[in-house]
Amino acid sequence: DHNAREVLDQLASEASSGQLGWAKLWRAQYFLISGKRVKARDFAVAARDSRPARDAEFSSLLARTLLDLDDAAGARVEAQAAVKLAKHLDRHRLLLAEALISVGDLPAAETHLKQISNSPRADYLQGLICFERDDLSEAERRFTSAAHGEREAPLANLKRAEINLRKNQNQQAIKLLE
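Read on for a plain summary of the structure.

## Here's the deal with the layout of surface pockets
In this approach the atoms are scanned with a rolling probe the size of a water molecule, which exposes any empty space left behind.
1) Next: The calculated volume of the largest pocket comes to roughly 150 Å³.
2) Next: Ser60, Leu61, Arg64, Arg91, Leu94, Leu95, Glu98, Arg121 and Arg151 together form the lining of the largest pocket.
3) Next: The set of elements that each furnish at least two residues to the lining of the largest pocket consists of helix H4 (56–68) and helix H6 (90–102).
4) Next: No other element matches H6, which puts four residues into the lining of the largest pocket.
5) Next: Along the lines of polarity and charge, the residues of the lining of the largest pocket split into three nonpolar, one polar and five charged.

Set out below in structure tokens:
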């Protein structure tokens, strides 16, 4: 823990202007992982102010960091920048769709999800949209499909269990949570 902070401090002190944004973003990530959300937020804001020019990866990681810090509006702006700089990468559109869902802009999220390949992550996000619209049968179908992806399986199964509880199918919900 102490060594990681020293390395991050050294990187920040020796960084060029373009590298400074990255150093601050990595410090934000470090503090986020360490559970120090206030410091993480401070460094995320500092990273945004020191951003390298036209760097989709920077915008994408900053968007993920801001989402993890519950700043969906800030994440939306950064994810939009990442998509604008690298339209061909589905992962940036997935991140933007997640940020859009977080701010309640379901139509815009759907628009971006239609422009990418099918994946467990895309199914999970589509499931969230359907769930928000109370289309539980389509949400359940999407979450079931998403559960085939290792990363999405826990959250998708949790949402499937929630749907089962709404339908008074308590035993099925319990099986999904085991």
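Resuming the write-up.
## Structural notes on the packing of helix H8 (residues 120–132) against helix H10 (residues 153–166)
For any two helices packed against each other, the geometry comes down to the angle between their axes and how far apart the axes lie.
1) Next: Put simply, H8 and H10 touch, their axes get as near as 11 Å, and they point 25° apart. The angle between H8 and H10 places the two elements in the roughly parallel class. Seen along the crossing, H8 lies across H10 with a hand that is left-handed. Contacts between H8 and H10 involve Tyr124, Leu128 and Phe131 from the former and Leu155, Ala156, Lys159, Glu162, Ile163 and Arg166 from the latter.

## A look at the pattern of salt bridges
1) Next: In total, this model carries 16 salt bridges according to the counting rule given.
2) Next: The residue Arg51 makes a salt bridge to Glu78 at a minimum N-O spacing of 2.5 Å. Here the residue Arg51 occupies a position in the loop between helix H3 (37–49) and H4, and Glu78 occupies one in helix H5 (residues 72–85), the gap between them amounting to 27 residues.
3) Next: Judged by its relative accessible area of 31%, Arg51 falls in the partly exposed class.
4) Next: Residue class for Glu78 comes out buried when judged on its relative accessible area of 3%.
5) Next: The partner of Glu110 in a salt bridge is Arg133, with the nearest N and O atoms 3.0 Å apart. With Glu110 in helix H7 (residues 106–113) and Arg133 in the loop between H8 and helix H9 (136–146), the pair connects residues that are 23 residues apart, well separated along the chain.

## Here we look at the packing of H4 against H5
1) Next: Axis separation between H4 and H5 bottoms out at 8 Å; the angle between their running directions is 160°. Classified by the angle their axes make, H4 and H5 are roughly antiparallel. For H4 against H5, the interelement crossing comes out left-handed. Counting all contacts with H4, which are made through Ala56, Ser59, Ser60, Leu62, Ala63, Leu66 and Leu67, the residues of H5 involved are Ala72, Gly74, Ala75, Glu78, Ala79, Ala81, Ala82 and Leu85.
2) Next: Residues that form the contact of H4 with H5 fall into these classes: eleven nonpolar, three polar and one charged.

## What to know about the packing of aromatic side chains
1) Next: Scanning the model with the defined rule gives five aromatic pairs in all.
2) Next: Their ring planes at 80° and their centres at 5.3 Å tell us that Trp22 and Phe58 sit as a pair that is edge-to-face. Within this pair, whereas Trp22 is found in helix H2 (residues 17–33), its partner Phe58 is found in helix H4, the two being separated by 36 residues in sequence.
3) Next: Among the residues examined, Phe58 registers a relative accessible area of 0% and is labelled buried.
4) Next: Taking 5.6 Å as the distance between ring centres and 50° as the angle between the ring planes, the aromatic pair formed by Tyr124 and Phe143 counts as tilted. Taken together, the residues span a long stretch of sequence, with Tyr124 in helix H8 and Phe143 in helix H9 at a distance of 19 residues.

Definitions and cut-offs
- Residues numbered from 1 in each chain as written.
- Predicted model: local features only at pLDDT ≥ 70, side-chain atom pairs only at ≥ 80, totals over all residues.
- Heavy atoms only, no water.
- 1 Å grid on protein atoms, 1.4 Å probe; cavity = no way out; pocket = protein on both sides within 12 Å on 5 of 7 lines; lining within 4 Å.
- Points joined across faces, edges and corners; volume = space filled by probe spheres on them.
- Helix = DSSP H or I, 4+ residues; strand = E, 2+ residues; numbered from the N terminus.
- Nonpolar A, V, L, I, M, F, W, Y, C, P; charged D, E, K, R; others polar.
- Axes fitted to C-alpha atoms, helices over the stretch in contact; angles between N-to-C directions.
- Parallel < 35°, antiparallel > 145°, perpendicular 65-115°, else oblique.
- Left-handed = near helix turned anticlockwise from the far one by under 90°.
- Contact = heavy atoms within 4.5 Å.
- Salt bridge = Lys/Arg side-chain N within 4 Å of Asp/Glu carboxyl O.
- Buried < 20%, exposed > 50% of the residue type's maximum accessible area, 1.4 Å probe, protein only.
- Phe/Tyr/Trp six-rings, centres within 6.5 Å; stacked < 30°, edge-to-face > 60°.

Interpretation in functional terms is not warranted from these geometric data alone.
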